[in-house]
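Spelled out from the first residue to the last, the chains are:
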Amino acid sequence: MTSSPRREARAASRGGAVPSIRDVAAAAGVSHQTVSRVLNDSPRVSADTRAAVLAAIDRLGFRPNRAARALGLGRAHGVTVVMSDTMLYGYASTLQGIEEAARVEGMAVGVRVVESEAPGDVKQTVDYVSDPSAGAVVVIAFDPSGAAVLEALPRHIPAVAATEPAAPDTGRVAIALDDRGAAAEATGHLLGLGHRTVHHVAIPSEGRSGGRHTGWHDALRQAGAPVPDVIDCGWDVAGAYQAGRRLAADPEVTAVLCGNDDIAQGVRRALYDAGRDVPGDVSIVGFDDIPGSAFWTPALTTVRMDFAGLGKACFRAAVAELLAQPQPTLTLTPPRLIIRESTAPPRRLR
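Residues numbered from 1 in each chain as written. Predicted model: local features only at pLDDT ≥ 70, side-chain atom pairs only at ≥ 80, totals over all residues. Heavy atoms only, no water.

Here we take up the confidence of the model for the protein. Interpretation of the predicted coordinates at a detailed level should be avoided for regions scoring low in pLDDT. This prediction gives the protein a mean pLDDT of 88; 89% of its residues lie at or above 70. Considering only residues more than four positions removed or in separate chains, one finds that residues 1–15, a stretch of pLDDT under 50, has 12 contacts. Across residues 66–73, confidence stays below pLDDT 50; counting only partners more than four residues off in sequence or on other chains, it has 10 contacts. (pLDDT = per-residue confidence, 0-100. Contact = heavy atoms within 4.5 Å.)

Right, here's the structure in full:
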């Protein structure tokens, strides 16, 4: 005696067993290939058959194996983000934008942290995202680690990058916010207040070709202002504090462009501890406009960067790469200088 689809369904659900695609097929009275077509949104399935399969999936509580589907279909219909830090504001906000855009499309987002630019760490990351279950890849390549992964990715992997404006061309789709132009504008703002020059405390990601460093340097050169040595520091506020102590010890320092707002916070504290007032003695400009920067004392003049918008643009570009579609037209909100209380003319002009 042959069993009915309903008996098959009940048998599959007894004992808490995880239902398989063949259980769904038996419950719907179709082949497992037909169930696969329904799961993959194939047009080669009639409306009635699709409804029957979906009803069986609902009754059984079937959940498709994403990894198995990826192996059968090619790349999974999802996105994996490669980044070196999940806590820094620019990285985290870019990831937030990717996740928000993916949620609207019903797509999953995974994260892979690359520990460093060392060959072993880069290889581990590349091997991880080379698996079909990783889907499309978005590399947040603001630093050497991300740049190394981007360079090492095999060409067949659909990938895009969030980069700095001056990043080398890797042949990949690369999307950047114009922090070079923004740094030039911020430097010009300080020079326009009457400061003889502007010192720069750089974040590690920049190097000497980074957008913020280059924009600062270009603005000074174009204005005929002296170009001080760059002060490099780590990502942490403690390193910025030490950089600020060096600046505080020089009475000629009256204006500082910081690589991000966290760096500005450390520099501001060092100046305070040295008895140098902001903006009375030294003006400070940050970068990124992190939450709370408007409520510091004094409120921080900074550059607002739309990292979430950058993440959404990267997501759309990555999906186009995954599906082999033309790249969409992307519109990014340009960086904007937000002038607050931490900048003022130097004392000699007051």
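So much for the structure itself; the text now carries on.
If you walk across this open sheet you meet the 4 strands as β7-β6-β8-β9, and the pairing is parallel. Only two strands of the sheet have a single partner each, and these edge strands are β7 (231–232) and β9 (283–285). Two strands pair when backbone bridges link them, and strand β8 (residues 255–258) and β9 are joined in this way by 3 bridges, in the parallel orientation. The residue of β9 that forms the bridge with valine 256 is isoleucine 284. Contacting β8 and β9, helix α9 (residues 179–192) crosses the sheet at an angle of about 165° to β8. Against the sheet, helix α12 (residues 261–273) touches β6 (199–202), β8 and β9, its axis set at about 165° to β9. (Pairing = 2+ DSSP bridges. Helix = DSSP H or I, 4+ residues; strand = E, 2+ residues; numbered from the N terminus. Axes fitted to C-alpha atoms, helices over the stretch in contact; angles between N-to-C directions.)

Turning our attention to the pattern of salt bridges. This structure, assessed with the given rule, holds 10 salt bridges. Close ionic contact of aspartate 127 with lysine 123 constitutes a salt bridge, the shortest N to O distance being 2.8 Å. Placement of both aspartate 127 and lysine 123 in helix α7 (residues 119–130) is noted, with a separation of 4 residues, approximately one turn of the helix. Aspartate 273 serves as the salt-bridge partner of arginine 269, at 3.1 Å between the closest nitrogen and oxygen. Note that arginine 269 and aspartate 273 are positioned in helix α12 at a spacing of 4 residues, about one turn of the helix. (Salt bridge = Lys/Arg side-chain N within 4 Å of Asp/Glu carboxyl O.)

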